[in-house]
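Single-letter residue listing:
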Amino acid sequence: MIRVFRLVSIAEAVSFLALLLIAMPLKYGAEAEVGVQLVGPIHGVLFMAYVGMVFLVRDALRWDMKRTVLALAAAVLPIAPFLVERHWTRPPHAAGAPASSAP
């Protein structure tokens, strides 16, 4: 479940950046709305998946309410889901143990 969340988190952040940095400039600079028409719905689905996955993994990752709210707020910032994925998705039992000591 945590691995799926990590993938969704990365995909959501990439789709958000694609929407902001590629599709929107094409729409307003070149009057090509097709980018927003394609990337917008994909990002919307990934955004909803990210929000849902936050609630599914919060217990497994032992997130308190503050961290859960911050992870949800990260969904509306362009690169924040990358940071959530990188720094907050380590299972609690693996956080302090070296990788070689895992069974």
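Above: the structure in question.
Residues numbered from 1 in each chain as written. Predicted model: local features only at pLDDT ≥ 70, side-chain atom pairs only at ≥ 80, totals over all residues. Heavy atoms only, no water.

Engineer: Report on the pattern of salt bridges, specifying residues and quantitative values.
Structural biologist: Pairing is possible between side chains of opposite charge, provided their charged atoms come close. Using the criterion set out here, one finds 2 salt bridges in the structure. Glutamate 85 serves as the salt-bridge partner of arginine 6, at 2.7 Å between the closest nitrogen and oxygen. In this pair, arginine 6 is assigned in helix α1 (residues 2-29) and glutamate 85 in helix α4 (residues 80-88), connecting sequence segments 79 residues apart. Here arginine 58 and aspartate 59 are joined by a salt bridge, their closest N and O atoms 3.9 Å apart. (Salt bridge = Lys/Arg side-chain N within 4 Å of Asp/Glu carboxyl O. Helix = DSSP H or I, 4+ residues; strand = E, 2+ residues; numbered from the N terminus.)

Engineer: Requested: an account of helix α3 (residues 65-74), with residues and values cited.
Structural biologist: Buried within α3 are the following residues: Thr68, Ala71 and Ala74. Mapping the buried residues of α3 onto a view down its axis gives an arc of 120 degrees, with all of them on the same face. With respect to the buried face of α3, the exposed residues turned more than 90 degrees away are Met65 and Lys66. For α3, the secondary structure elements touched by its buried residues are α2 (34-57) and α4. (Buried < 20%, exposed > 50% of the residue type's maximum accessible area, 1.4 Å probe, protein only. Arc of directions from axis to C-beta. Contact = heavy atoms within 4.5 Å.)

Engineer: Could you give me a rundown of the packing of aromatic side chains, with the residues and numbers involved?
Structural biologist: A full pass over the atoms with the stated rule returns 3 aromatic pairs. Seen from their ring centres, phenylalanine 5 and tryptophan 63 are 6.0 Å apart, and the 75 degrees between their planes marks the pair as edge-to-face. Here phenylalanine 5, found in helix α1, pairs with tryptophan 63, found in the loop between α2 and α3; they are 58 residues apart in sequence, far enough to count as distant. We classify tryptophan 63 as buried; its relative accessible area is 5%. Taken together, the ring pairs connect Phe5, Tyr50, Trp63 and Trp88 into an aromatic cluster. (Phe/Tyr/Trp six-rings, centres within 6.5 Å; stacked < 30°, edge-to-face > 60°.)

Engineer: For α4, give the residues involved together with the corresponding values.
Structural biologist: Buried within α4 we find Ala80, Pro81, Val84 and Glu85. Down the axis, α4 shows its buried residues gathered within 145 degrees of arc, on one side only. Those residues of α4 that are buried lie in contact with α1, α2 and α3.

Engineer: Quick one: what's the story with the packing of α3 against α4, residue by residue and with numbers?
Structural biologist: Here α3 crosses α4 at 140 degrees, and the two axes come no closer than 8 Å. Judged by the inter-axis angle, α3 sits oblique to α4. Packed against α3, whose contacting residues are Arg67, Leu70, Ala71 and Ala74, the element α4 presents Ala80, Pro81, Val84 and Trp88 at the interface. (Axes fitted to C-alpha atoms, helices over the stretch in contact; angles between N-to-C directions. Parallel < 35°, antiparallel > 145°, perpendicular 65-115°, else oblique.)

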